[in-house]
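Structural description and commentary
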Amino acid sequence: MLSVLRVHLPSDIPIVGCELTPYVLLRRPDKTVTTEDVPESTPLDGHFLRYKWYRIQSDKKVAICSVHPSEQATLQCLGCVKAKIPVAKSYHCSTKCFSDAWQHHRVLHERAASAVNENGAEEDELFGRFNSAGSGVVNASLPASQSNPSLSNGAAPVYPAAVAQRSGGETWFEVGRSKTYTPTADDIGHVLKLECFVVDVETKLAVGLSNTVLTSRVIPAPSPCPRRLIPVSGVDVMGHLDSDGHISTTGTFTVLSYNILSDAYATSESYSYCPSWALSWPYRRQNLLREIVGYRADIVCLQEVQSDHFEEFFGPELDKHGYQALFKRKTAEVFNGNINTIDGCATFFRRDRFSHVKKYEVEFNKAAQSLTDALVPSVQKKTALSRLVKDNVALIVVLEAKFINQVIDNPGKRQLVCVANTHVNVHQDLKDVKLWQVHTLLKGLEKIAASANIPMLVCGDFNAIPGSAPHALLAMGKVDPMHPDLVVDPLGILRPLSKLAHQLPLVSAYSSFARMGVGLGLEQHRRRMDPSTNEPLFTNCTRDFIGTLDYIFYSADSLTVESLLELLDEDSLRKDTALPSPEWSSDHIALLAEFRCMPRTRR
């Protein structure tokens, strides 16, 4: 007979909006062991599995610490109460917790004090509006209550459900009847209970004992400090957002670039400082989706997107928000794992803002093969390919803008934009390979620009710090022959050095912060920039490394930067931590720039 051997949950800490799917080990009637589900629709030998989820509600109310959501709160910030900040943000587990978090916490007070504009209406933040339920959950794509029709937890009745049991001041409410349950805001502070048992098809009665799992208390999804668009002109661009969050200024569009940290790389060994529940994919994917959707970008360039996650999650979910998706998976000459988990570059664009014209795929492995065939003696080819073949790719997409009626300098002409999305090799001892990959990409973009004469956007994780040879090639159009990175060239692939140049008028979008005039808060943002390179102090922040690896480059002769997403600093990242964290689910930070199309400069 069918029997349950083991039931456990991937994480002991349930989070609002993040699916809970138990691991269930079964013994089939033929004595074989499996993890495949046996639903009522396809019973096995006259039996099937049934699941029931309960919320255990104590008569005693329990507040949860806003900084350490797995801890019970012992004190409350009265300033938050007076400022009408969501009550969940006011709780702390100790005086030390409150003191350590003050630099971050006081930002809530400052924002609350300035959150009412001249009309008395609340000012929208680009990413981080709180919902009215007061749970501290960012109001974007996650459901706030089971009453939300987009949330399905099986055949459970609408609250209040039938009382399953009451003892010792506890009441159990049935909240779900499917294998997967998604905690809601109503569950915050309460323990969940899962029952899994075998049911006879004919009698519909349970057979044998049920297997029970209790969780810790449900916590709200931690919400990071909101990030705003900072206009380079010093005028608050948030006033230009329409009711749907789009930039309403004619001729402008926004571009997001974000390395989201593939689940395959998000191991507890690499990120031991991040709580296991915050490192789990069910949590991170919802937190990443909420963040990405919250930025409301017209074009989204993501790196480290696993193939299965693109197909099963990001593609379908962003489609619901009006995005069309394109994906280029890395090649697999080096990769030796499950092909479905290999990552790649994904580019999304709003259907109402752009239409797809053409797609180019760059496989650096193919370019490496061509290079070695042409330049490397046959006896050295194996060594050369071993160094050059690293599976990295780039996805290039040509889009046509729908939001510009006429091109200023040529009425009636289509407004096209070319967007390159790439992830360059990570190994720091392969400086020649990094530079060669960037050079190969730029040469391809030069050909596209020459044939179509369209503005370029080059986004991605280049794994190159400001001042490195790849960064110099991108930003300056050439590399100084005396650059120290050029010393590493065992295959001679960078020779002659004169070839390390391109004609694209590329400029780093975030260097615009260094060129801004005097304005409210602009000095604060300049402090987040490196004055020697005019790039952010960091876009990647782990315990082992902090620095800038991600960029958005643009054609300065046809595009101009209107505004930039504010950078994070030590106040935004909580003290003594690194990325990823419960608030930010990647070890990189997102970059976003708003551009305006302008007449091309004659060259």
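Heads up: these notes are all about the structure in this document. Small disclaimer: the values here were computed from a predicted structure and weren't measured. (Residues numbered from 1 in each chain as written. Predicted model: local features only at pLDDT ≥ 70, side-chain atom pairs only at ≥ 80, totals over all residues. Heavy atoms only, no water.)

Tallying secondary structure elements over the protein chain gives 12 helices and 27 strands in all. Here the protein chain displays about 26700 Å² of accessible surface, and carbon together with sulfur accounts for 51% of that area. (Helix = DSSP H or I, 4+ residues; strand = E, 2+ residues; numbered from the N terminus. Areas by Shrake-Rupley, 256 points an atom, 1.4 Å probe, with all protein chains shown as cover.)

Moving on, we get to the sheet that holds strand β3 (residues 33-34). The 3 strands are arranged β1-β2-β3 in an open sheet whose pairing can be described as antiparallel. Of all the strands in the sheet, the pair left with one neighbour each is β1 (3-8) and β3. (Pairing = 2+ DSSP bridges.)

This part covers the packing of aromatic side chains. Inspection of every chain in the model, using the stated rule, returns 19 aromatic pairs. With a centroid separation of 6.0 Å and 45 degrees between ring planes, the pair formed by Phe310 and Phe348 is classed as tilted. Highlighted residues: Phe310 in helix α6 (residues 307-320) and Phe348 in strand β15 (residues 343-350), separated in sequence by 38 residues. For Phe310, a relative accessible area of 9% puts it in the buried group. On the basis of an interplanar angle of 50 degrees and a centroid distance of 5.2 Å, the ring pair of Tyr554 and Phe595 is categorised as tilted. (Phe/Tyr/Trp six-rings, centres within 6.5 Å; stacked < 30°, edge-to-face > 60°. Buried < 20%, exposed > 50% of the residue type's maximum accessible area, 1.4 Å probe, protein only.)

For the bond running from Arg495 to Pro496, omega is -10 degrees, close enough to zero to count as cis. Within the element layout of this structure, Pro496 appears in the loop between α10 (469-476) and β20 (506-508). Leu579 connects to Pro580 through a cis peptide bond whose omega is 0 degrees. Summarising the element assignment, Pro580 is placed in the loop between β26 (559-565) and β27 (591-597). Backbone geometry places Leu261, a non-glycine residue, at a positive phi of 65 degrees. Secondary-structure assignment places Leu261 in the loop between β12 (252-259) and α4 (276-279). Owing to a relative accessible area of 2%, Leu261 belongs among the buried residues under this scheme.

With that settled, the discussion passes to the packing of helix α9 (residues 431-452) against α10. Where α9 meets α10, the axes come as close as 8 Å, and the angle between the chain directions of the two elements is 20 degrees. Considered as vectors, α9 and α10 are oriented roughly parallel to each other. Residues Lys434, Leu435, Val438, His439 and Leu442 of α9 form the contact with α10, whose participating residues are Ala469, Pro470, Leu473 and Leu474. The residue makeup of the contact of α9 with α10, split by class, is 7 nonpolar, 1 polar and 1 charged. (Axes fitted to C-alpha atoms, helices over the stretch in contact; angles between N-to-C directions. Parallel < 35°, antiparallel > 145°, perpendicular 65-115°, else oblique. Contact = heavy atoms within 4.5 Å. Nonpolar A, V, L, I, M, F, W, Y, C, P; charged D, E, K, R; others polar.)

Moving on: the pattern of salt bridges. With the rule as written, the count across this model stands at 23 salt bridges. A salt bridge links Arg55 to Asp187, with the shortest nitrogen-to-oxygen separation between them at 3.3 Å. Pair noted here: Arg55 is in strand β4 (residues 47-58) and Asp187 is in the loop between β8 (170-176) and β9 (191-200), with a separation of 132 residues, a long-range link. The burial state of Arg55 is the same as that of Asp187; both residues are buried. Where Lys330 meets Asp343, a salt bridge forms, and the shortest distance between an N and an O atom there is 3.3 Å. Here Lys330, found in the loop between β14 (323-329) and β15, pairs with Asp343, found in strand β15; they are 13 residues apart in sequence, far enough to count as distant. You can call Asp343 buried: its relative accessible area is 2%. (Salt bridge = Lys/Arg side-chain N within 4 Å of Asp/Glu carboxyl O.)

So, about the side chain of Thr252. Inspection of the secondary structure assignment puts Thr252 in strand β12. Exposure remark for Thr252: the relative accessible area of 0% places this residue in the buried category. Among the polar contacts listed, one links the side chain of Thr252 to the side chain of Glu594, at a separation of 3.1 Å. (Polar contact = N/O pair within 3.5 Å; in protein donor to acceptor, adjacent residues only side chain to side chain.)

Across the 10 residues of β9, 10 count as buried, placing the element largely inside the fold. Burial of the side chains of β9 extends over both faces: Val191, Lys193, Glu195, Phe197 and Val199 are buried on one face and Leu192, Leu194, Cys196, Val198 and Asp200 on the other. Where β9 and strand β10 (residues 206-217) come together, 7 bridges link them in antiparallel fashion. Looking at β10, one finds that Val199 is bridged to Ala206. The turn linking β9 back onto β10 is made up of 5 residues, and Lys204 within it adopts a positive phi angle of 60 degrees.

Our focus in this paragraph is α6. In a regular helix each residue adds 1.5 Å, so 14 residues correspond to 20 Å; α6 covers 19 Å between its end C-alpha atoms and thus fits that length. Phe314 marks the point of greatest bend in α6, at about 35 degrees, and the proline Pro316 comes within the next four residues. For α6, the complete set of buried residues consists of Ser307, Asp308, His309, Phe310, Phe313, Phe314, Gly315 and Leu318. Contacts made by the buried residues of α6 are with α5 (281-295), β13 (299-306), β14 and β15. Where α6 terminates, the next one or two residues include Gly322, which has phi positive at roughly 90 degrees. (Expected span 1.5 Å × (residues − 1). Bend = angle between axes of the 7 residues up to and from the residue.)

This part is about the sheet that holds strand β17 (residues 393-401). The mixed open sheet is built from 6 strands, whose spatial order is β16-β17-β18-β19-β25-β20. In this open sheet, the two strands that pair with only one neighbour each are β16 (354-363) and β20. Here the strands of the sheet are splayed against their neighbours by 20 degrees on average, with no regard to which way each runs. With 9 bridges connecting them, β16 and β17 associate as antiparallel partners. Across the sheet, Lys359 pairs through a bridge with Val397, a residue of β17. Of the strands in this sheet, β16, β17 and β18 (416-423) touch helix α7 (residues 364-375), which is tilted by about 45 degrees from β16. Here α9 sits on the sheet in contact with β16, β17, β18, β19 (456-461) and β20, set at roughly 160 degrees to β19.

All told, the structure shown has 0 disulfides when counted by the stated rule. Not part of a disulfide, Cys80 finds its nearest cysteine sulfur in Cys77, a span of 3.7 Å. Given the relative accessible area of 0%, Cys80 is considered buried. Note on Cys93: no disulfide assigned, nearest cysteine sulfur contributed by Cys65 at a separation of 3.7 Å. (Disulfide = S-S within 2.5 Å.)

This part is about the nonpolar core. The tendency in soluble globular proteins is for nonpolar side chains to be buried as a group. Counting residues in hydrophobic clusters, the biggest one holds 67 residues, and the most contacted among them are Phe253, Ile292, Ile299, Phe348, Phe354, Leu457 and Phe595. For this core, the element with the most residues is α5, which contributes 6 residues. Setting aside chain neighbours within four positions, we find Phe348 in contact with Asp298, Ile299, Val300, Leu302, Phe310, Phe314, Gly315, Leu318, Tyr323, Gln324 and Ala325. Core analysis: the next-biggest nonpolar cluster, separate from the first, contains 40 residues, Ala420, Phe462, Ala469 and Leu486 among them. (Core = buried A, V, L, I, M, F, W, Y, C linked by side-chain atoms within 4.5 Å.)

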